[in-house]
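Report on the structure
The residues making up each chain are set out below.
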Amino acid sequence: MIEALAARTVVHLALELKLDRVSFEGDSETILKALRCSEANFTPYGHIIEETQDKSKSFQSCYFQHTRRLANTIAYVLAQKSFSFDSHFLWLSNMPHDVLSVLQSDLVHQ
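Fair warning: this is a prediction, and the values are worked out from it, not measured in the lab.

Regarding a nonpolar patch on the surface
- A grouping of L13, L17 and L19 is seen on the molecular surface, where their side chains present a nonpolar patch of about 230 Å² in accessible area.
- Within the fold, L13 resides in helix 1 (residues 2-16).

Spelled out as structure tokens, the structure:
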């Protein structure tokens, strides 16, 4: 359920940023398969999946891709870092060095 909510949130953020070609990665294979599936979803989080799919149709191109948890350490680091902020925070460039080094490590493990 949390992964489905996270997917919905990032799709909304990408729309707010007026992005038109997006690729979303996650380590929940179940959620990503559901997002790529065109059949009705009758899981407890199915309504979130369907809303996310509907919103994702607004993009010129949109991909939902699975990544192994080993290659997704950056998600964990960013989640931990988010607890230190009092409000929403968005990096559009010049990410902190500690985050950049974890991202580079994840790219090696893909």
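Back to the write-up after that little detour.
A short note on the packing of helix 1 against helix 3 (residues 46-56)
- Contact geometry for helix 1 and helix 3: axes closest at 9 Å, N-to-C directions at 20 degrees. The pairing of helix 1 with helix 3 is recorded here as roughly parallel in orientation. The element helix 1 and its partner helix 3 pack so that their crossing is left-handed. On the side of helix 1, the interface is formed by A4, L5, A7, R8, V11, H12 and L15, while helix 3 contributes I48, I49, E51, T52, K55 and S56.
- Among the residues making up the contact of helix 1 with helix 3, the classes are represented as 7 nonpolar, 3 polar and 3 charged.

Considering the packing of aromatic side chains
- Going through the model one piece at a time under the given rule, you end up with 2 aromatic pairs.
- Where F24 meets F64, the ring centres are 5.5 Å apart and the plane angle is 25 degrees; that geometry is what we call stacked. Taken together, the residues span a long stretch of sequence, with F24 in strand 1 (residues 21-26) and F64 in strand 2 (residues 61-66) at a distance of 40 residues.
- Classification of F24 by relative accessible area gives buried; the value is 12%.
- The class of F64 is buried, set by a relative accessible area of 9%.
- Three or more aromatic residues link up through ring pairs in this structure, and these residues are F24, F59 and F64.

Thresholds applied
Residues numbered from 1 in each chain as written. Predicted model: local features only at pLDDT ≥ 70, side-chain atom pairs only at ≥ 80, totals over all residues. Heavy atoms only, no water. Patch = residues over 30% accessible without salt bridge, like charges linked within 9 Å, V, L, I, M, F, W, Y side chains within 5 Å. Areas by Shrake-Rupley, 256 points an atom, 1.4 Å probe, with all protein chains shown as cover. Salt bridge = Lys/Arg side-chain N within 4 Å of Asp/Glu carboxyl O. Helix = DSSP H or I, 4+ residues; strand = E, 2+ residues; numbered from the N terminus. Axes fitted to C-alpha atoms, helices over the stretch in contact; angles between N-to-C directions. Parallel < 35°, antiparallel > 145°, perpendicular 65-115°, else oblique. Left-handed = near helix turned anticlockwise from the far one by under 90°. Contact = heavy atoms within 4.5 Å. Nonpolar A, V, L, I, M, F, W, Y, C, P; charged D, E, K, R; others polar. Phe/Tyr/Trp six-rings, centres within 6.5 Å; stacked < 30°, edge-to-face > 60°. Buried < 20%, exposed > 50% of the residue type's maximum accessible area, 1.4 Å probe, protein only.

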